[in-house]
Amino acid sequence: MKRFKSFIARTSVLGLLLLALSMAALAQDHPLQIKYWLAMSQPGSHLFEVTIEVIAPRDEKLKSLDFQMPKWSPGRYAVFDFAKNVQEVKAREACPAGLDCTTPNLTVTRVDDQTWRAELGSFRPAGASLMFSYKVFANDLSGTFSQLDARHANLNGGNVFMYLVNHKQDPVALSINAPKGWHIVNGRTEKKDQSDFQFPNWDILTDTPTEIAPDWTDDEFRVDGKTYHVVVHSMGKEGGKRPALVRDLEKVVRAETAMWGPPEFDSYTFLFHFANDGHSGDGMEHLTSTQIIMPGALADKDMLEETLDAAAHEFFHVWNVKRLRPIELGPWDFTRPANTRGLWIAEGITNYYGHLMQRRAGLWNDAKLFSELTDQIAEVENSPGSKLMSAEESSLSAPFIDDAPHAQQTNLANASVSYYPKGEVVGLALDLLIRGKTHGKASLDEVMRRMYEEFYLKSPNASYYLRGRGYTAEDFEKIVSQVAGGEMSDFFKRHVRGVEPPPYEEAFAQLGLRFVRTARAPVTIGITADESEIVNFKVASLRPDSPAAAAGLQVGDAITSFGGNRFTSANFSKVLARYKPGDRVQVSFLRNARPMTTAITLGPPLLFDYKIEENPNASAEARALRATWLNGK
Ligand SMILES: [Zn+2]
Ligand SMILES: [Zn+2]
């Protein structure tokens, strides 16, 4: 073990910053020996018992060690403040090896909302270990949180394991003490019932979700010499569908590895939960595994298909985001949320390929793919937020829109667009335009492969975390232009940094397809009804860019008469169908029981459905481009 320099009392913000920088540099030269002990003696309490053992260096100047709980964890960008579930924090010196003894508690001070400081004190024999322990409450089955109950322990380390400040990059070990009869599995399991693991650093420890239960199953398949584990923990009936899940997953893996080439790992674990509780649903990507939680039972109608849809997305992340990553995504500062302009690439383009790959894998036909893509287009183009927020700005807003809890009311439903569908439709347009521009010589597939090669495989390692370096928004734009064989900056200006819709018609036309738009209603008013109110039409939501908003209507108003007619949620569409855009309609309504009137000038259609149709006169070249796009060859 090497010596390392002492900590100095923090005096000022500037001092703190300089200290953090200098300590980070020093700490990299002087790793600590860190081991995590995880126990769960009372599963019903939902309390994990964590002990972090640190072999104290022989440095008299070292007075304390800081332990910190992350505010968030990678893959979900909202801030959750995991420290809120930490309790009973203690520290003591360990007994010498092989001896059973009692040692006095050391002083632990809470420094801030996420940090605890253990004072090392004066008694410190050579090679003694500090045992820092706490309990953490966990009762959510999720890709981000953790759950301990009588059925299982499902663990995402980011909300269970504190890291040592300035030592996140040090190697760590993990030893799990599971209840009798429970079995441990994760994406780093090398042998059956393995309970001890080594990780190159804390980031990889927490990138390894772990399942511990008496009754999960493990099926295997191999593709290109790599082993794939399909671990399933079912809380409901499977209906004999597990073999089909394994068989179809293999098709997805084959389709995706055909695009990227063989992945970097030897073994990968799909960790599935069929929660069967009607609400737990999630998917989270990791380096050598994915955690997928479905709210139903595998036997349920459409559950197999929905599970494969989630898996096709998560497996694509093996390359896009887990290894090829925006520069801001790792290593992370867990004292503040990550800010990146690249989530429309990392998540949105992954969403696009998750869908396309199910067609390439033979699980979907053309009609199913087209209908999924047009659903995504409708979601984006029908949302008022897409006219206000660009793909890059949506990425930067991730901490607010990625399942973030809001105690304060927000206008995000009207003012934001998710980078998932937005990135998907931008990626789709880019792919088809590149295929057309290069006469099929290149595609977005080629862009992604070149990005992976240049920034992950070939760039010198920028940090202790993973190979290569992260890419910037400018790097991505540059590679797109290179692959497309011409300047694409105008596309990025308008459709990535700007809010103009992608050129769908032009994109689909490259492949001999027609993009057809149909209005959902002939006129627009811009309100939806509260369905629980049957007497009058009670406004449940209102578009800010609509005729109703312009006329001064508000959410909660109860419309008693519309152009002299009774108006309810039931006859809404029928009454509106009598009018055309530009018609001016007198409206009476109740606001807080007070009768009021206004006049609404009905607008042109604002909501559309979309369809992709074959152009029977498509050229042979366009048809060939379409076949390559759909089949990946
Ligand atoms: Zn489980
Ligand atoms: Zn994703």
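1. Focus on the coordination of the zinc ion (ligand 1)
- Coordination of the zinc ion (ligand 1) by the protein comes from His152 (ND1), Glu211 (OE), Glu211 (OE), His233 (ND1) and His273 (NE2), over a distance range of 1.9 to 2.8 Å.
- All donor residues of the zinc ion (ligand 1) come from one chain, and their arrangement in sequence is H-x58-E-x21-H-x39-H. Taken together, the positions of His152 in the loop between strand E9 (147-148) and strand E10 (153-155) and His233 in strand E17 (residues 226-234) put the pair 81 residues apart, joining distant regions of the chain. Grouping residues by exposure puts His152 and His233 together as buried.

2. What to know about the coordination of the zinc ion (ligand 2)
- Taken together, the protein donors to the zinc ion (ligand 2) comprise His313 (NE2), His317 (NE2) and Glu347 (OE), at separations of 2.0 Å.
- Sequence positions of the residues that donate to the zinc ion (ligand 2) give the spacing H-x3-H-x29-E. One end of the pair, His317, is in the loop between helix H4 (303-316) and helix H5 (343-360); the other, Glu347, is in helix H5, and 30 residues separate them in sequence. Each of the two residues, His317 as well as Glu347, counts as buried.

3. Digging into the confidence of the model for the chain
- Taken residue by residue, the chain gives an average pLDDT of 93. The fraction at 70 or more is 94%.
- Taken as a whole, residues 1-29 scores under 50 in pLDDT and shows 48 contacts with residues more than four places along the chain or in a different chain.

4. Thoughts on H5
- A rise of 1.5 Å per residue sets the reference length of H5, with its 18 residues, at 26 Å; its end C-alpha atoms lie 24 Å apart and thus fit the reference within 8%.
- Two residues or fewer after H5 comes Gly362, characterised by a positive phi angle close to 85°.

5. Concerning the packing of aromatic side chains
- Going through the model one piece at a time under the given rule, you end up with 48 aromatic pairs.
- Aromatic side chains Tyr36 and Phe161 sit 5.2 Å apart centroid to centroid with 65° between the ring planes, which places their arrangement in the edge-to-face category. Within this pair, whereas Tyr36 is found in strand E1 (residues 33-39), its partner Phe161 is found in the loop between E10 and strand E11 (163-164), the two being separated by 125 residues in sequence.
- Its relative accessible area of 1% is what places Tyr36 among the buried residues.
- Arranged with centres 6.3 Å apart and planes meeting at 25°, the rings of Phe197 and Phe199 form a pair that is stacked.

6. Quick word on the sheet that holds strand E26 (residues 594-601)
- Strand order across the open sheet formed by five strands is E22-E23-E24-E25-E26, with antiparallel pairing between neighbours. The two strands at the open ends of the sheet, each matched to only one other strand, are strand E22 (527-529) and E26. Looking at each pair of strands side by side, their axes are set apart by 45° on average, direction ignored.

7. Concerning the pattern of salt bridges
- Counting across every chain of the model gives 40 salt bridges.
- For Glu264, the salt bridge identified is with Arg467, shortest N-O distance 2.8 Å. Taken together, the residues Glu264 in the loop between helix H3 (242-260) and strand E18 (267-274) and Arg467 in the loop between helix H11 (444-458) and helix H12 (473-484) connect sequence positions 203 residues apart.
- On the basis of relative accessible area, Glu264 is assigned to the partly exposed category, the value being 34%.

8. Section: the side chain of Ser459
- Tracing the backbone shows Ser459 in the loop between H11 and H12.
- For Ser459, the side chain forms a polar contact with the main-chain oxygen of Glu454, separated by 2.8 Å.
- Among residues more than four places away in sequence, those in contact with Ser459 are Glu454, Gly468 and Arg469.

Criteria and thresholds
- Residues numbered from 1 in each chain as written.
- Chains lettered and ligands numbered in written order.
- Predicted model: local features only at pLDDT ≥ 70, side-chain atom pairs only at ≥ 80, totals over all residues.
- Heavy atoms only, no water.
- Donors = N, O, S within 2.8 Å, 3.2 Å for Na, K, Ca; no water.
- Helix = DSSP H or I, 4+ residues; strand = E, 2+ residues; numbered from the N terminus.
- Buried < 20%, exposed > 50% of the residue type's maximum accessible area, 1.4 Å probe, protein only.
- pLDDT = per-residue confidence, 0-100.
- Contact = heavy atoms within 4.5 Å.
- Expected span 1.5 Å × (residues − 1).
- Phe/Tyr/Trp six-rings, centres within 6.5 Å; stacked < 30°, edge-to-face > 60°.
- Pairing = 2+ DSSP bridges.
- Axes fitted to C-alpha atoms, helices over the stretch in contact; angles between N-to-C directions.
- Salt bridge = Lys/Arg side-chain N within 4 Å of Asp/Glu carboxyl O.
- Polar contact = N/O pair within 3.5 Å; in protein donor to acceptor, adjacent residues only side chain to side chain.

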